[in-house]
Amino acid sequence: MTTAVQAPSAAGTPGPIPAKKTKSRASRPLIYILQKLLVLVVTLFVASLAVFFSRFLVPGDPARFLLRGRSPNPEALAEITRQYGLDKPAWEQYLNWLGGIFQGDWGRSLTYRQDVSEVLLSRLPTTLQLVALAAVFITVLGLLAGILASLNKGFGDRFILITLTAAGAVPPFVAAIALVALFSVGLGWFPSFGSGDAGWDRIWHLTLPAMALGITYIAMVARVTRSSMNEQLVREHVEVATSRGLSRGAVVARHVLRNALGPILTVSGVLVAGLLVSSAIIEQTFGLAGIGQLLVQSIDRLDFSVVQAIVMVVVAAFVLVNTLVDLLQPLIDPRIAAGTETR
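Residues numbered from 1 in each chain as written. Predicted model: local features only at pLDDT ≥ 70, side-chain atom pairs only at ≥ 80, totals over all residues. Heavy atoms only, no water.

J.: Help me out: how do you make sense of the overall build of the protein chain in this one?
T.: Secondary structure assignment for the protein chain yields 13 helices and two strands. The burial tally for the protein chain puts 37% of its 343 residues in the buried class. Restricting the contact set of the protein chain to residue pairs at least 6 apart, pairs at least 24 apart contribute 69%. (Helix = DSSP H or I, 4+ residues; strand = E, 2+ residues; numbered from the N terminus. Buried < 20%, exposed > 50% of the residue type's maximum accessible area, 1.4 Å probe, protein only. Contact = heavy atoms within 4.5 Å.)

In structure tokens, the structure reads:
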């Protein structure tokens, strides 16, 4: 026969432990996840409204933009207006556009005379590979520089900080020119144009663009890593671990770096998601056929369907990456989901 655990009441007599509080604590991680997913859905919905209706901010008749300045007869203009659904109310055009997205139909490109989805799929792999390689550089080099700066006080810390400050002030297109001049023209180690073939040749061609794209972000991640680790190094649990005779490497890996990963992961997620936006300049500089270059060309040619699709993809990727980072935070620090620690 089991006996219920009793907790002392205010009068000193034992009373039952409240079950509601335990149940509430158990449901907090689920509530945390649902809140983040709700924010994700609402953000994407608001973004879709902004992306679609921004087209109506462009002065003039959209049908005339489709004709590239030509002056057709009224019958031809009415036919084009009907063909592209421009005669329908704005809200109905939005619902048709949104419904098409869920079915994989982003419309038709006026420049390429193809479905927008086909145009995007032909360009998207290059951009994703560029962003992935830049993300590797940012994460590895940023973490390494930040850890070294935190663990080497004095000259080493100051030298790394000065170098990071200088690197963080370099715009991507300036970094691209410098890298090409040094490693392509001067040393001849890397190509300066094109995305190459599949496999290692692709990585070889994307190395300089990825470095130029990520150099500013490397400095940001390194500074956040250094600051976060310095904050953890003076915590009491680190001093206790050191007093117990643990090696410096074990203390850093188990008690410093792990607890410092929260801010590092948050900043890294935001920066990596922003790479999709920054890639346009680098793709233009290195002649890469990605969605960044496609966006610039489509804006210049007033290809509304392609512009809307690319902007929506970039916004969705940005929001999804940040939501994923938020959902990973409780795995690093369970106090976040429990509501006892704020970011």
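Read on for the rest.
J.: When you look at the packing of aromatic side chains in this model, what are you seeing that I'm missing?
T.: Describing an aromatic ring pair means giving the distance of the ring centres and the angle of the ring planes. Taken as a whole, this structure holds seven aromatic pairs when the rule is applied. Measuring from ring centre to ring centre gives 5.8 Å for Phe183 and Trp189, while their planes differ by 40°; the resulting arrangement is tilted. A residue is classified by how much of its surface remains accessible, and Phe183, at 22% relative accessible area, is partly exposed. Taken together, the ring pairs in this structure connect Phe52, Phe53, Tyr94 and Trp97 into an aromatic cluster. (Phe/Tyr/Trp six-rings, centres within 6.5 Å; stacked < 30°, edge-to-face > 60°.)

J.: It is not clear to me how the confidence of the model for the protein chain should be interpreted in this structure. Could you clarify?
T.: Segments scoring low in pLDDT should not have their predicted coordinates read at a detailed level. On average, the protein chain scores 75 in pLDDT, and the residues at 70 or more come to 76%. Strand β1 (residues 6-8) is the least confidently modelled element of the protein chain, averaging 50 in pLDDT, while helix α5 (residues 116-151) averages 85, the highest of any element. (pLDDT = per-residue confidence, 0-100.)

J.: Sorry if this is basic, but what is going on with the packing of helix α7 (residues 172-186) against helix α8 (residues 200-233) here?
T.: What describes two packed helices is the angle between their axes and the distance between those same axes. Where α7 meets α8, the axes come as close as 8 Å, and the angle between the chain directions of the two elements is 145°. When the axes of α7 and α8 are compared, the crossing they make is right-handed. Of α8, the residues touching α7 (which contributes Pro172, Ala175, Ala176, Leu179, Val180, Phe183 and Ser184) are Leu208, Met211, Ala212 and Ile215. In terms of residue class, the contact of α7 with α8 is built from ten nonpolar, one polar and no charged. (Axes fitted to C-alpha atoms, helices over the stretch in contact; angles between N-to-C directions. Left-handed = near helix turned anticlockwise from the far one by under 90°. Nonpolar A, V, L, I, M, F, W, Y, C, P; charged D, E, K, R; others polar.)

J.: For this particular structure, what's the right way to read the environment of Leu271?
T.: When you line up the elements, Leu271 lands in helix α10 (residues 248-286). Through-space distance from the C-alpha of Leu271 to that of Asn322 is 9.6 Å; in sequence the pair is 51 residues apart. When near neighbours in sequence (up to four residues on either side) are disregarded, Leu271 contacts Tyr217, Met220 and Val221.

J.: Would you mind showing me how to read helix α6 (residues 155-168) here?
T.: Side chains of residues three or four places apart in an α-helix project in the same direction, reflecting 3.6 residues per turn. Between its terminal C-alpha atoms α6 stretches 20 Å, which fits the 20 Å expected from 14 residues at 1.5 Å a residue. Where α6 is concerned, the buried positions are Asp157, Ile160 and Leu164. Buried residues in α6, looked at end-on, bunch into an arc of 70°, giving them a common side. Seen from the open side of α6, the exposed residues pointing more than 90 degrees away from its buried face are Phe155, Arg158, Phe159 and Ile162. Against α5 and α8 lie the buried residues of α6. (Expected span 1.5 Å × (residues − 1). Arc of directions from axis to C-beta.)

J.: Please clarify how the packing of α5 against α6 should be interpreted in this entry.
T.: Between α5 and α6, whose axes approach to 8 Å, the crossing angle comes to 145°. As α5 packs across α6, the resulting crossing turns out to be left-handed. Contacts from Ala145, Leu148 and Ala149 in α5 reach Asp157, Ile160 and Leu164 in α6.

J.: Mind showing me how you'd approach α8 here?
T.: Helix length check: α8 (34 residues) gives 40 Å between terminal C-alpha atoms against 50 Å at 1.5 Å per residue, more than 12% under. Considering bend angle alone, the principal kink of α8 is centred on Gly214 and spans about 45°. (Bend = angle between axes of the 7 residues up to and from the residue.)

J.: I would appreciate a short explanation of the nonpolar core in the present structure.
T.: General note: in soluble globular proteins, nonpolar side chains tend to be found buried as a group. Judged by nonpolar contacts, the single largest core of 41 residues is most densely connected at Trp97, Leu120, Ala212, Leu275, Ile282 and Phe286. By residue number, the principal contributor to this core is α5, which donates nine residues. In terms of nonpolar packing, the next biggest core, distinct from the first, is built from seven residues, Val251, Val252, Val256 and Ala260 among them. (Core = buried A, V, L, I, M, F, W, Y, C linked by side-chain atoms within 4.5 Å.)

J.: Help me understand a nonpolar patch on the surface in this model?
T.: Together, Leu30, Ile33, Leu34 and Leu37 line one region of the surface with nonpolar side chains, adding up to about 350 Å² of accessible area. For Leu37, the location among the structural elements is in helix α1 (residues 19-53). Looking at Leu37, the relative accessible area reads 36%, which means it is partly exposed. (Patch = residues over 30% accessible without salt bridge, like charges linked within 9 Å, V, L, I, M, F, W, Y side chains within 5 Å. Areas by Shrake-Rupley, 256 points an atom, 1.4 Å probe, with all protein chains shown as cover. Salt bridge = Lys/Arg side-chain N within 4 Å of Asp/Glu carboxyl O.)

J.: Help me understand the environment of Ile177, please; the structure alone is not making it clear to me.
T.: Structurally, Ile177 is set in helix α7. What makes Ile177 exposed here is its relative accessible area of 55%. In the structure, Ile177 is positioned 35 residues away from Ala212 in sequence and 8.6 Å away in space, judged by C-alpha atoms.

J.: Would you explain the side chain of Ser48 in this entry?
T.: Inspection of the secondary structure puts Ser48 in helix α1. Only 2.6 Å separates the side chain of Ser48 from the backbone oxygen of Phe45, close enough to count as a polar contact. Discounting residues that sit within four places of it in the chain, Ser48 has contacts with Tyr94, Trp97, Leu98 and Met312. (Polar contact = N/O pair within 3.5 Å; in protein donor to acceptor, adjacent residues only side chain to side chain.)

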